[in-house]
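Observations on the model geometry
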Amino acid sequence: MTYHSKKIGIITIHDVSAFQDHLSNTIETMKRIEEASVKYNIAIIPNYLKKYPVTKDTFSIFIDKYIMKDKPNIALHGLYHEYRHSVEDYYTLTTKETKEEIAKGLAILKEADIQQPKVFIPPAWHISPSTAEALHDMGFDVSESLDKIDLIQRDIAIVTQQVMNWDISGDSEQNKPAIKQNQEIYDKIIQGFKPTILRIALHPPHDPPEALDQQLEIIQGLESEAGYIFKTYDDFVKEDIYGY
Ligand SMILES: [Zn+2]
């Protein structure tokens, strides 16, 4: 395999929170991904709905083994994600407001003995220039938005339009069409359309129930049939992954 034929997959388990109704699906997904022996990121919501703060008792004890020090794979996924049906905003806040929100989230994770993330994924997948500035000043290394990954401290934007996502509507029943859509993307990849960087966004609380088996099949197929290598965001910072 030549250098430029290298294909990178980024798996992120989104919406990981202390909300107990969601936690069992999330842990099931983590277990399956671990069994597949591929690297992945987890995007943690420190205080989901402003109601379920991450603490040692509500959270860390359940997922401790997935966030060990040798697995630097944690992303900060906003502070509360949504409140009274509106998604948390990182596109109209000022730099100062953004810093305050992010600092609150980091403090909650610290209190729960979770390492401080260097990766930021906003709940609505949009980042304004003021959010970008806040992340830069606070020492974040990576942010992910709808169509790009920013290596913040190096001022590099990597355009990555291809995302496999099963959460179209926020409701697992209504998300069923995503099964077919993602199968079509996968089939195209196997037939030769191979994006250099492919993001795979898993939302265990909202993906259709049958999605997990498909997600695992796709991940294994991407690795064995299509030559994808799965990386964490930390790898992007540590390694010169694609000559950036
Ligand atoms: Zn989310």
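Below you will find a few notes about this structure. Because the structure is predicted, anything quoted here is derived from the model rather than measured.

**Focus on the overall build of the protein**
For the protein, the count of helices and strands is seven helices and 14 strands. In summary, the protein has a C-alpha radius of gyration of 17 Å against a globular reference of 18 Å for 244 residues, a match within 12%. Dimensions of the protein, computed from C-alpha atoms along their principal axes, come out at roughly 45 × 40 × 35 Å. Considering the protein as a whole, with its 244 residues, one finds that 38% of them fall into the buried category. Within the protein, contacts between residues separated by at least 24 positions form 76% of all contacts whose residues are at least 6 apart in sequence.

**Quick word on the nonpolar core**
Where a protein is soluble and globular, its nonpolar side chains tend to be buried together. Judged by nonpolar contacts, the single largest core of 53 residues is most densely connected at I11, I42, I44, A75, V119 and I200. The element that contributes the greatest number of residues to this core is strand β13 (residues 197-202), accounting for five residues. With near-sequence residues (within four places) excluded, I200 lies in contact with G9, I10, I11, M164 and I219.

**Brief notes about unusual backbone geometry**
For H85, which is not glycine, the phi dihedral falls at a positive 70°. Phi angles above zero are rare outside glycine, and D113 is one such case at about 65°. Assessed through the 12 C-beta atoms surrounding it within 10 Å, D113 is described here as exposed.

**Section: helix α5 (residues 177-190)**
Over its 14 residues, α5 runs 20 Å from end to end, which matches the ideal 20 Å to within 8%, given 1.5 Å per residue. Looking at α5, one finds that the buried residues are A178, Y186 and I189. The buried residues of α5 occupy one face: seen down the axis, they fall within an arc of 70°. Seen from the open side of α5, the exposed residues pointing more than 90 degrees away from its buried face are P177, K180, E184 and D187. In this fold, the buried residues of α5 make contact with α6 (211-224). Positive backbone phi, at 130°, marks G192, one or two positions downstream of α5.

**Points about the environment of S60**
Its place among the elements puts S60 in helix α2 (residues 56-63). Spatially, the C-alpha atom of S60 lies 19 Å from that of I102, the residues being 42 residues apart in sequence. If we skip the residues at most four places from it in the chain, S60 touches A112, D113 and I114.

**Examining helix α3 (residues 95-111)**
Between the first and last C-alpha of α3 there are 24 Å, a value that for 17 residues agrees with the 24 Å anticipated at 1.5 Å per step. Looking only at α3, the buried set comprises T98, E101, I102, G105, I108 and L109. Each buried residue of α3 sits inside an arc of 115° when the element is viewed along its axis, so together they form one side. Of the residues in α3, the exposed ones pointing more than 90 degrees away from the buried face are K96, A107 and K110.

**Quick notes on the packing of α5 against α6**
Interhelical geometry of α5 versus α6 gives an angle of 10° and a closest axis separation of 11 Å. Of the possible angle classes, the one that applies to α5 and α6 is roughly parallel. Of α6, the residues touching α5 (which contributes A178, I179, N182, Y186, I189 and I190) are A211, Q214, I218, G221 and L222. For the contact of α5 with α6, the class distribution of residues is eight nonpolar, three polar and no charged.

**A few points about the packing of α3 against helix α4 (residues 129-137)**
Contact geometry of α3 with α4 gives a least axis separation of 8 Å together with a crossing angle of 55°. For the element pair α3 / α4, the angle class is oblique. Regarding α3 and α4, the two cross each other, and that crossing is right-handed. Residues T95, T98, K99 and I102 of α3 pack against S130, T131, E133 and A134 of α4.

Conventions we followed
- Residues numbered from 1 in each chain as written.
- Predicted model: local features only at pLDDT ≥ 70, side-chain atom pairs only at ≥ 80, totals over all residues.
- Helix = DSSP H or I, 4+ residues; strand = E, 2+ residues; numbered from the N terminus.
- Rg over C-alpha atoms; globule rule 2.2 N^0.38 Å.
- Buried ≥ 20, exposed ≤ 12 C-beta atoms within 10 Å, placed from the backbone.
- Contact = placed C-beta atoms within 7 Å.
- Core = buried A, V, L, I, M, F, W, Y, C linked by C-beta atoms within 7 Å.
- Expected span 1.5 Å × (residues − 1).
- Arc of directions from axis to C-beta.
- Axes fitted to C-alpha atoms, helices over the stretch in contact; angles between N-to-C directions.
- Parallel < 35°, antiparallel > 145°, perpendicular 65-115°, else oblique.
- Nonpolar A, V, L, I, M, F, W, Y, C, P; charged D, E, K, R; others polar.
- Left-handed = near helix turned anticlockwise from the far one by under 90°.

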